Number of protein chains: 2
Amino acid sequence: MAEEPRIDPWGTVEVKDYKRLMEVFGIKPINTILPLLEKAGMKPSAYMRRGIIFGHRDMDRVLEAKIRGEPVAVLTGFMPSGRFHFGHKLTVDQLIYYQNSGFKIFVALADAEAVIVRRIPRREAIRIAVEEYVANMIALGLDPDKTEFYFQTNRGAPYYRLLQLFAGKVTAAEMEAIYGDLTPAKVMAALTQAADILHVELEEYGGYKHVVVPVGADQDPHLRLTRDLADRMGGIISLERPASTYHKMQRGLDGVKMSSSRPDSTIFLTDPLNEAKRKLMKALTGGRATAEEQRRLGGVPESCTVYDMHMYHLMGDEELAKIYRDCRSGAMLCGECKLLAWSKMKDLLERHQQRLEEAREVAWSIVDAPRF
Amino acid sequence: MAEEPRIDPWGTVEVKDYKRLMEVFGIKPINTILPLLEKAGMKPSAYMRRGIIFGHRDMDRVLEAKIRGEPVAVLTGFMPSGRFHFGHKLTVDQLIYYQNSGFKIFVALADAEAVIVRRIPRREAIRIAVEEYVANMIALGLDPDKTEFYFQTNRGAPYYRLLQLFAGKVTAAEMEAIYGDLTPAKVMAALTQAADILHVELEEYGGYKHVVVPVGADQDPHLRLTRDLADRMGGIISLERPASTYHKMQRGLDGVKMSSSRPDSTIFLTDPLNEAKRKLMKALTGGRATAEEQRRLGGVPESCTVYDMHMYHLMGDEELAKIYRDCRSGAMLCGECKLLAWSKMKDLLERHQQRLEEAREVAWSIVDAPRF
């Protein structure tokens, strides 16, 4: 029997073996929802078409509900512990896709987690949440009037009631199997995430809705715990398991995990243009040792972080296919390809940064920031 | 060096060695506050005079604040997991004493703990909290207009914010040293108790007040954790350490720990009179093997659970002193003493039970019971 792949949401291990994850944990290929998407009047997103969103659990149930005209929602959370970068944009693009299709959007600002797990100073976590996260999401196009942003430490009694009641419905052994050694901080963070996902089903937060949570594969342990908690709340309150979709995390520009703590591994959406260009130009590519060799053998887009940028953020399907072919064939070398990426990214960043100042004002006006 | 006495708030171990507890953990004798009590215009309560309340920590600070005219408060919590008995009355009498001296009273209805630690069905915990605890407290004379009763699962964002932030300020090792092996339920219950005690200091709950928590000695680990958490919240919010007083728990009528789960070990304030009398009449006394021997040697009030009832609940100082002398001298035997206790208790229960029906209605009208 195969050993269970252990994935740790607070670790830094990259999950490379998505296929195995799907077999062991019952995540289904994303293409199994295509017929239902169509029935629901939705087109597959670019991330779905490109296999970046590669799997789901129970998304068929959510789409069937939508087809029946029942309320549907998306929840995600951001830990306000650094600057907003292209890795975050991957999730926000998904929110916008669902928002345009009539899903209600909930965004948890994980200030509790930032403080208790990452030890970010409290006021700084609140400022980052509003000025970096909420503002950049609005500037990217998320409609603030149709999005409910909230702080984990400021969400009202029914939300916290879940958190408290969940504590009696999970054993130490179960949490240790997922998170390693227990600490009070980990217990609270894990239960808080479960409350984030499930509270949107409550009457007090606008009534029952079918909820989907778009996550990276490394977040699946949270989802499984949340599903179990939903199952175990019978007799107290009726909660349904959330659906989830799984995406491949974008690599950093150095080919390893993208992280705010290594600023050269990623481009922040607030980077000055010359700074962004500098990072992109020295990004790890799938090029060969020499130009001659590359013309002869072609490049390897699968190993190229610039191709990642094309694929995740910059290009339409046809342009992307052409870049892939021209790289593979050796017709286009890395320098040219980077400049092509930069021309698109420059437009994107300029447009985004123009919107950002106003978005910051909107952000402060719509969030209910906690006093302490 | 002496080994630390280990006391476990969720265990059933009785703390017999109060003196040692005071030496090791720095609890001061209650008589050290007598001059300040007088300055504050308060007389020592019967429980203080009789050594039932035997110690305190920082109560001098609270009394000094009261003398300066600053706001003072008492907080206690009840786990709604059984019927209200004479052991609970011990705490409520203290609340009434403080209320009559101008302290604001806060009562936590520990529905979260009842559900997550004791696994009481949720709706039952809420009913018990209101009909057993709040109603009996009001019938005993606690003024509902001057008392803030609240459910732990229904207390507003600033309270829960403390709970979340506390989670990052205590290590697993510290909690394990106090509570043994950690479970999510214990983590949540311990942090919830700390939030109960400290949230009354917040602006959002009526502004800063000096708070004292009257507890049995077995609850001191909670108090020490809470004090540490208050110390560690600097930089986020300013919290002061709570004061506390310590009382000797009343033994059950069988001489061991009083408990709702052994109904013959205690008299409930809602017991039918014949039932209450039956329990009292067969209570363990400090009597001798024969009447003759008792007349000769006298009884031992220190070993007598009926004398406990006299001392904790039934008699004024002079009557109590006479009972003690008459028992010691052999002038009064156990049968007579029990009937004397019963005559007082009968009046107390009759009066109490007459008030109870109305008190139940008041109870439901003043609490904000959670929906689930």
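Residues numbered from 1 in each chain as written. Chains lettered and ligands numbered in written order. Predicted model: local features only at pLDDT ≥ 70, side-chain atom pairs only at ≥ 80, totals over all residues. Heavy atoms only, no water.

### Concerning the overall build of chain A
- Counting its regular elements, chain A contains 16 helices and 7 strands.
- Relative to a compact globule of 372 residues, whose C-alpha radius of gyration would be 21 Å, chain A shows 21 Å and is just as compact.
- Considering chain A as a whole, with its 372 residues, one finds that 58% of them fall into the buried category.
- In chain A, the share of contacts with a sequence separation of at least 24, taken over all contacts with a separation of at least 6, comes to 78%.
- Split by element, the accessible area of chain A, about 15,100 Å² in all, is 51% carbon and sulfur. (Helix = DSSP H or I, 4+ residues; strand = E, 2+ residues; numbered from the N terminus. Rg over C-alpha atoms; globule rule 2.2 N^0.38 Å. Buried < 20%, exposed > 50% of the residue type's maximum accessible area, 1.4 Å probe, protein only. Contact = heavy atoms within 4.5 Å. Areas by Shrake-Rupley, 256 points an atom, 1.4 Å probe, with all protein chains shown as cover.)

### Observations regarding the pairing of strand β3 (residues 72–78) of chain B
All names here are of chain B.
- Judged by how many residues are buried, β3 sits mostly within the fold: 6 of 7 residues are covered.
- Here β3 runs beside strand β6 (residues 210–216); their pairing, made up of 3 bridges, is parallel. Bridging from a neighbouring strand, Val 74 pairs with Val 212 of β6.
- Of the pairings in the sheet, the one linking β3 to strand β4 (residues 104–109) comprises 6 bridges and is parallel in character. Each residue of the ladder has a partner; that of Ala 73, found in β4, is Lys 104. (Pairing = 2+ DSSP bridges.)

### Some thoughts on the interface of chain A and chain B
- Across the contact, 40 residues belong to chain A and 40 residues belong to chain B.
- Contact between chain A and chain B buries roughly 3,400 Å² in total, counting both sides, with carbon and sulfur atoms accounting for 65%.
- Along the contact surface separating chain A from chain B lie 4 salt bridges.
- Between Glu 204 of chain A and Arg 371 of chain B there is a salt bridge, and its shortest N-O distance comes to 2.7 Å.
- Across the chain A-chain B interface, the total number found is 14 residue pairs in polar contact (both at pLDDT 80 or more).
- Within the residue set of the side of chain A that touches chain B, elements represented by two or more residues are α6 (111–116), α7 (122–140), α8 (157–166), α9 (172–179) and α10 (184–199) of chain A.
- Of the residues forming the side of chain A that touches chain B, the biggest block, 8 residues, is contributed by α8 of chain A. (Buried area = accessible area lost by both parts, 1.4 Å probe. Salt bridge = Lys/Arg side-chain N within 4 Å of Asp/Glu carboxyl O. Polar contact = N/O pair within 3.5 Å; in protein donor to acceptor, adjacent residues only side chain to side chain.)

### Observations regarding the nonpolar core
- Ranked by size, the top nonpolar core spans 116 residues in total, and within it Phe 166 of chain A together with Phe 166 of chain B carry the most contacts.
- If we skip the residues at most four places from it in the chain, Phe 166 of chain A touches Leu 191, Ala 194, Ala 195, Leu 198, Leu 229, Met 233 and Leu 239 of chain A. (Core = buried A, V, L, I, M, F, W, Y, C linked by side-chain atoms within 4.5 Å.)

### Observations regarding a negative patch on the surface
- Together, Glu 176 and Asp 181 of chain A together with Glu 176 and Asp 181 of chain B make up a negatively charged patch on the protein surface.
- Inspection of the secondary structure puts Asp 181 of chain A in the loop between α9 and α10. (Patch = residues over 30% accessible without salt bridge, like charges linked within 9 Å, V, L, I, M, F, W, Y side chains within 5 Å. Lys, Arg positive; Asp, Glu negative; His and termini not counted. Charge placed at Lys NZ, Arg CZ, Asp CG, Glu CD.)

### With respect to the domain arrangement of chain A
Residue and element names in this part refer to chain A.
- Along its sequence, chain A is organised into domain 1 (18–252) and domain 2 (263–359).
- Computed over C-alpha atoms, the centres of domain 1 and domain 2 are 29 Å apart.
- Domain 1 puts 22 residues into the contact, and the matching count from domain 2 is 28 residues.
- Carbon and sulfur atoms make up 55% of the surface buried where domain 1 meets domain 2, a total of about 2,200 Å² over both sides.
- The tally of links between domain 1 and domain 2 comes to 4 salt bridges.
- Linking Arg 83 and Asp 271 is a salt bridge whose minimum nitrogen-to-oxygen distance equals 3.0 Å.
- Counting the contacts that link domain 1 with domain 2 gives 18 residue pairs in polar contact (both at pLDDT 80 or more).
- The set of elements that each furnish at least two residues to the side of domain 1 that touches domain 2 consists of α3 (46–49), α5 (86–100) and α7.
- When residues of the side of domain 1 that touches domain 2 are assigned to their parent elements, the largest contribution, 6 residues, is made by α7.
- Broken down by class, the residue content of the side of domain 1 that touches domain 2 amounts to 10 nonpolar, 4 polar and 8 charged. (Domains from an automatic or database assignment. Nonpolar A, V, L, I, M, F, W, Y, C, P; charged D, E, K, R; others polar.)

### Regarding the relation of the copies chain A and chain B
- Rotating chain A by 180° about the axis while translating it 0.0 Å along that axis superimposes it on chain B, leaving an RMSD of 0.0 Å. Taken together, the rotation angle and the small translation identify this as a two-fold axis. If distances are taken from each C-alpha of chain A to the rotation axis, the shortest is found for Gly 156 of chain A, at 2.9 Å.
- A shared binding surface is used by both copies, with 100% of the interface residues of chain A retained as interface residues in chain B. (Least-squares fit on C-alpha atoms with pLDDT ≥ 70 in both.)

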